[in-house]
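# Residue-level structure breakdown
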Amino acid sequence: MEKVARFRLETLFVFLMLILGIVITITSWGYGFGSLRSPGPGLYPVFIGAMISIFTLFILVSTWKSKTSQPVLDKEGAKTLALMTLTCCLWIAAMPLLGYVVVSFLATYAFCKIMKLEGWWKPLAISGGTTLFIYLMFDYWLYVDFPRGILG
Amino acid sequence: MEGLSLLYNGFVNSLTMVNLFACFIGALIGTIVGVLPGLGPTATMALMLPFTLSYGPTTGLIMMTGVWYGAMYGGSTTSVLVNIPGEAASVVTCLDGYQMCKKGRAGAALALVAVGSFIAGTLGILGLQFFAPFLGNAALSFGPPEFLCFMILAFVLLSNLSSDSPLKGALMIAFGLFLSSIGINPMDSYPRFTYGSDTLMQGIDFLPIAMGLFGISEILNIALETYVKPEVNKIRLRDLYPSKEEVRRSIAPTLRGSILGFFVGLLPGPCTVISTFVSYSLEKRISKTPEEFGHGAVEGVVAPESANNSAVMGSMIPLLTLGIPFAAPSAIMLAGLRMHNVEPGPMLFANNPEVFWTFIAAMYLGNIMLLILNLPLVGVFGRIAVIRPQVLMPVISLICLVGVYSVRNSFFDVWVMIAAGVVGFFLRKWKYPIAPFIIGVVLGPTTENSLRQTLMTFKGDLSLIMNRRISVTLLALAVAFLAYKFLSPYLGKKFALKVEPDDTL
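Residues numbered from 1 in each chain as written. Chains lettered and ligands numbered in written order. Predicted model: local features only at pLDDT ≥ 70, side-chain atom pairs only at ≥ 80, totals over all residues. Heavy atoms only, no water.

## Some remarks on the overall build of chain B
Applied cut-off: Counting from the N terminus, the helices are DSSP H or I runs at least four residues long and the strands are E runs at least two residues long. Relative accessibility under 20% of the residue-type maximum defines a buried residue, over 50% an exposed one, and the middle range a partly exposed one, all with a 1.4 Å probe and only protein chains included. Only heavy atoms matter for contacts: two residues are in contact if any of them lie within 4.5 Å across the pair. Computed with a 1.4 Å probe, the accessible areas rest on the Shrake-Rupley method; for each residue, only the protein chains presented here act as cover. None of His or the chain ends enter the tally, which takes Lys and Arg as positive and Asp and Glu as negative. By convention, the point assigned to a charge is CZ for Arg, NZ for Lys, CD for Glu and CG for Asp.
Counting its regular elements, chain B contains 22 helices and two strands. If you line up chain B on its principal axes, its C-alpha atoms span 70 × 50 × 50 Å. The proportion of buried residues among the 505 residues of chain B is 61%. Counted over contacts in chain B with a minimum sequence separation of 6, partners at least 24 positions apart contribute 80%. Carbon and sulfur atoms form 66% of the exposed surface of chain B, whose accessible area is close to 19000 Å². Taking the average location of the 31 positive side-chain charges in chain B and that of its 27 negative ones, the two points are 7 Å from each other.

## Section: the environment of isoleucine 399 of chain B
Here isoleucine 399 of chain B is to be found in helix α19 (residues 389–408). Expressed as a C-alpha distance, the spacing of isoleucine 399 of chain B and methionine 48 of chain B, which sit 351 residues apart in the sequence, is 9.8 Å. Apart from residues lying up to four places away in sequence, isoleucine 399 of chain B is in contact with Ile134 of chain A together with Leu47 of chain B.

## Describing the interface of chain B and chain A
Cut-off, in case you're wondering: Summed over both partners, buried area is the accessible surface (1.4 Å probe) that two parts give up on being assembled. A carboxyl oxygen of Asp or Glu within 4 Å of a side-chain nitrogen of Lys or Arg is what we treat as a salt bridge. Under the rule applied, a polar contact is a pair of N or O atoms within 3.5 Å (in protein, one hydrogen donor and one hydrogen acceptor; residues adjacent in sequence only if both atoms are side-chain atoms).
Tallying the contact residues gives 61 residues for chain B and 62 residues for chain A. Both sides of the chain B and chain A interface together cover about 5700 Å² of buried area, and 81% of this is carbon and sulfur. Counting the surface chain B buries against chain A, the share from its top three residues, Phe51, Leu398 and Trp430 of chain B, is 12%. On inspection of chain B and its partner chain A, the count reaches two salt bridges. Joining chain B to chain A, the criterion identifies six residue pairs in polar contact (both at pLDDT 80 or more). For the side of chain B that touches chain A, the element with the most residues is α19 of chain B, which contributes 14 residues.

## Examining the environment of phenylalanine 277 of chain B
Structurally, phenylalanine 277 of chain B is set in helix α12 (residues 271–286). Taking C-alpha positions, phenylalanine 277 of chain B is 47 Å from aspartate 198 of chain B, a pair spaced 79 residues apart along the chain.

## Considering the packing of helix α2 (residues 17–35) of chain B against helix α3 (residues 41–52) of chain B
All names here are of chain B. Going by this rule: Angles here are taken between N-to-C directions and fall from 0 to 180 degrees, while the axes themselves are lines fitted to C-alpha atoms, restricted in helices to the stretch in contact. An angle below 35 degrees is read as roughly parallel, one above 145 as roughly antiparallel, one from 65 to 115 as roughly perpendicular, and any other as oblique. For any helix crossing, the convention is left-handed if the near helix is rotated counterclockwise from the far helix by under a right angle, and right-handed if that rotation is clockwise.
Between α2 and α3, the least distance of the axes is 10 Å, while the angle of their chain directions is 140°. Compared by their axis directions, α2 and α3 come out oblique. The handedness of the crossing between α2 and α3 is right-handed. Residue-level contacts link Ile25, Ile29 and Val33 of α2 to Pro41, Thr44 and Met48 of α3.

## What about the nonpolar core?
Rules: Each nonpolar core is a collection of buried residues, namely Ala, Val, Leu, Ile, Met, Phe, Trp, Tyr and Cys, held together in the definition by side-chain atoms within 4.5 Å.
By size, the foremost hydrophobic cluster in this structure holds 175 residues, and its most contacted members are Trp91 of chain A together with Leu128, Val414 and Ile438 of chain B. Counting 14 residues, the second-largest nonpolar core is a separate cluster that includes Leu81, Val113, Val298 and Val378 of chain B.

## Structural notes on the confidence of the model for chain B
Under the convention used in this document: Known as pLDDT, the predictor's per-residue confidence is scaled from 0 to 100.
The pLDDT averaged across chain B works out to 84; a share of 94% of its residues lies at or above 70. The least confident element of chain B is helix α18 (residues 378–384) of chain B, whose mean pLDDT is 73; the most confident is helix α20 (residues 411–429) of chain B, at 94.

## What about the side chain of threonine 52 of chain B?
Among the secondary structure elements, threonine 52 of chain B is positioned in helix α3. Not counting the four nearest positions on each side in its chain, threonine 52 of chain B is found in contact with Gly60, Met63 and His340 of chain B.

## Some points on the packing of aromatic side chains
Residues and elements named next belong to chain B. Under the convention used in this document: When two rings of Phe, Tyr or Trp (its six-membered ring) have centres within 6.5 Å they constitute a pair, described as stacked for plane angles under 30 degrees, edge-to-face for angles over 60, and tilted for the intermediate range.
Summed over all chains, the structure comprises 29 aromatic pairs over all chains. Consider the rings of phenylalanine 175 and phenylalanine 437, whose centres lie 5.2 Å apart with planes at 55°: the pair is tilted. In this pair, phenylalanine 175 sits in helix α8 (residues 166–180) while phenylalanine 437 sits in helix α21 (residues 435–457), placing the two residues 262 residues apart along the sequence. Since its relative accessible area comes to 14%, phenylalanine 175 is described here as buried.

## So, the side chain of glutamate 448 of chain B
Counting through the fold element by element, glutamate 448 of chain B comes out in helix α21. With relative accessibility at 4%, the residue glutamate 448 of chain B sits in the buried group. Setting aside residues up to four positions removed in sequence, glutamate 448 of chain B forms contacts with Tyr44 of chain A together with Asn185 and Arg192 of chain B.

Printed below as a string of structure tokens:
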């Protein structure tokens, strides 16, 4: 089963890249290819799109033929990957609303737990310390204006 | 004489508190990064870019180079003490370094590596100091056709040397070139691939892509790995003295590794990694006792470590003289310099000579700092290697998120970083090299300008390129390399071009 899963995921990726290459070529053509004497804004991306399409076509054929045995992700790995990504996304989404301090503290705590750091005081200490350290460094030293959120 | 006077001015400029501090911090962080398995110098340099913005371009350049070759120094510590390479360029050092450690010669190995790296670094700086202005002047005769042909040669070499599959390398370059074309085209102010979005009009910034590909993807990779606590062999200061025999056997390999590494550094791709493999093979081939290699031969430790240090300096030449980065860390440096409105290239020596000479002077000082840092503190750095990733990665994750946001106060950049991180994670797993991707992003605008200017200069007749000697030579080199690549399997094993796969680059 794992063999099939990896095979399909990589093939899907290459297939999507092929479509992307074709879309780039067609869209760029619409920007105006111009001529070799007087190049338009679409000339360069047409070449890039064509290159992506040709390269992916060859890779697609070789990926299709290849028989690999190593799975990229097991169920546990997929869960960890999804949770890490979700935490990052929530950090962005919640920041304007709740402000830097709360969101960053919660995100760091979540990262610690997702990475299976045992207990509660170590993750709390790391989250608190990191949030404060980064706040001082960026806000006071580099004058970065963090969103304050409804909690001020 | 003019060179000496410029170098003197460079020393005067570099001996400011800010530059010395930047050099020290860069070297220290680089050593720690080199010691810690996982986060490499490229990700760290990208992470440090926001911090360099408050200072001048020279300070930024000094700090980032300090990180890069600090990592080369530090990488050897864990290779010798724990048998875990801190970063890709120290993989070879494990072979004999750990064997020396098992024989109780870890201290001697680390001392010889530190001194060897210092010598290699110094020779590398001397090479850079000598060749860069000379090549920079030569590059003044480069027009758009020459730059275009040079890009073609660089892309051909990069796609072939970065991965086992040249097609994957080429695809990554093309994808990077595409990303750089998003936004308003500066040549004719025409918006491309923006789909009406104001954010996309400004283009996709280089930094979030670099942080995602090298930082977030590495964090995800480590998060998914099972942690096994390494055993660190303790080391005392008095153990650092090598025997006379070990010193004697190290001198020639150090010098050979330094010279070889410097020239390998001029190649596109993971030059520091390639330099270690080439240097190790050379030493083994010319050794009178090749059977000792893999069982604790001191030559197998000092030569690759010297090579990777001087390769760093070698790879600065194409960046500083032509403005073309051949490796991922130098791509980050280019981005950093551009943030400071400094464009490296032939004009650097005319417009901003103080940047170059202060950088050279600071590198001499940094090299001394690294030697002082690495010898007595080797035991401390060894202990850093056992910090659990569960403690370290949450901190680095937050620094990545905040660091990218801080550059333009843009959440869009953070989205780009996360997307690049997830894509980078899978690309690494599927053995797609990510260094060509990031170099494609950085070189995209230059490539397009060169192509369009060449076409306009020649009125669309590209055959006129044959009238330009430098361009023809560069194209001929690209064709010769491709011919060699395709024909080498038919010429037998001796001629086969083999590059060690490295998914971290």
